[in-house]
Structures are given as C-alpha cells and as structure tokens.
Amino acid sequence: MSAPATKPVETVEEAVQLANEIERLEAVLKSMKAQLKAFVDENGPVETHDAVWGYTVSVSWVFEPESLKELAQELAVEGENPWQYLSLSATAIKKLGWDESVLSRYGKKRETKRFVSRKK
C-alpha cells in the first residue's frame, strides 16, 4: 500500500472531500476491527510483524462515598495528605453544577485540545 499524496488542502471543497474520505476509511476500519475481533473471540490473539491483536485487561476501582472517606482518613493516619491522591472527576465536577468562577477559587482549569469529528 502506498501512502496518500501529501499535498496541502487549499480549498473548502478539498477539505470536505478529505473529511468525507476520512469518515469512509474510519467506517471501513471499524468494520475490519469487528471482523478481527470476532476471529480473536473464536481463535485467540493474532500476531503480526509489529503487534499482537487481542484483549488486554484494564483495572479500575470504584469506591462508595463512605469507603472513600475511610480511605482518606487512613491516608491521613499514615501521615499522607489524602488530597495528593484523591481528585474530582469531570463527571463529579459537572454534577456539582458550579460555574467556572466558583471552581477557579479551588483549582486551575486545564483544557486539552483534541482533533476529532462530532456527529451532527
């Protein structure tokens, strides 16, 4: 497979055409991954020259509010500052319903810029 031409996009029409092609390729890629996943489900991991396609396990922990309070207390007993380990998730902050002027009294806003497409 050869790499696509790398000529700069100069017009809106070219940009739209490029975006449409990316959407098409992403749909094809999604379908191909689904096919490979079905194969892996039946036969196990697939090894290529550069990678192994299969499942990895991601571990996360969920703490109930009372347990989280006990954890924070245990950290404090051990001489640690619990707030160096515990933070508010974006979901938790959103649930508070506080605006940025209130939040800025307690923390610094950090924005991450990602290049993505969104459904209309």
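Figured I'd write up the structure that's included with this text. (Residues numbered from 1 in each chain as written. Predicted model: local features only at pLDDT ≥ 70, side-chain atom pairs only at ≥ 80, totals over all residues. Heavy atoms only, no water.)

Looking at the packing of aromatic side chains
- Under the counting rule described, the total for this entry stands at 2 aromatic pairs.
- Each ring, one from Trp61 and one from Phe63, has its centre 6.4 Å from the other, and the planes form 15 degrees; the classification is stacked.
- For Trp61, a relative accessible area of 68% corresponds to the exposed category. (Phe/Tyr/Trp six-rings, centres within 6.5 Å; stacked < 30°, edge-to-face > 60°. Buried < 20%, exposed > 50% of the residue type's maximum accessible area, 1.4 Å probe, protein only.)

Notes on helix α1 (residues 12-43)
- Helix length check: α1, at 32 residues, gives a terminal C-alpha distance of 46 Å against a target of 46 Å (1.5 Å per residue), a fit within 8%.
- Gly44 lies just past α1 and shows a positive phi near 95 degrees. (Helix = DSSP H or I, 4+ residues; strand = E, 2+ residues; numbered from the N terminus. Expected span 1.5 Å × (residues − 1).)

Some remarks on the pattern of salt bridges
- For the structure on display, the rule yields 4 salt bridges.
- For Lys7, the salt bridge is made with Glu14, and the minimal N-O distance between the two is 3.0 Å.
- Among the ionic pairs, Glu21 bridges to Arg24, the shortest N-O distance being 2.7 Å. Of this pair, Glu21 and Arg24 both sit in helix α1, 3 residues apart, which is roughly one turn of the helix.
- Under the relative-accessibility criterion, Arg24 is labelled partly exposed at 44%.
- Counted as one network, the salt bridges with shared partners bring together Glu100, Lys109 and Glu111. (Salt bridge = Lys/Arg side-chain N within 4 Å of Asp/Glu carboxyl O.)

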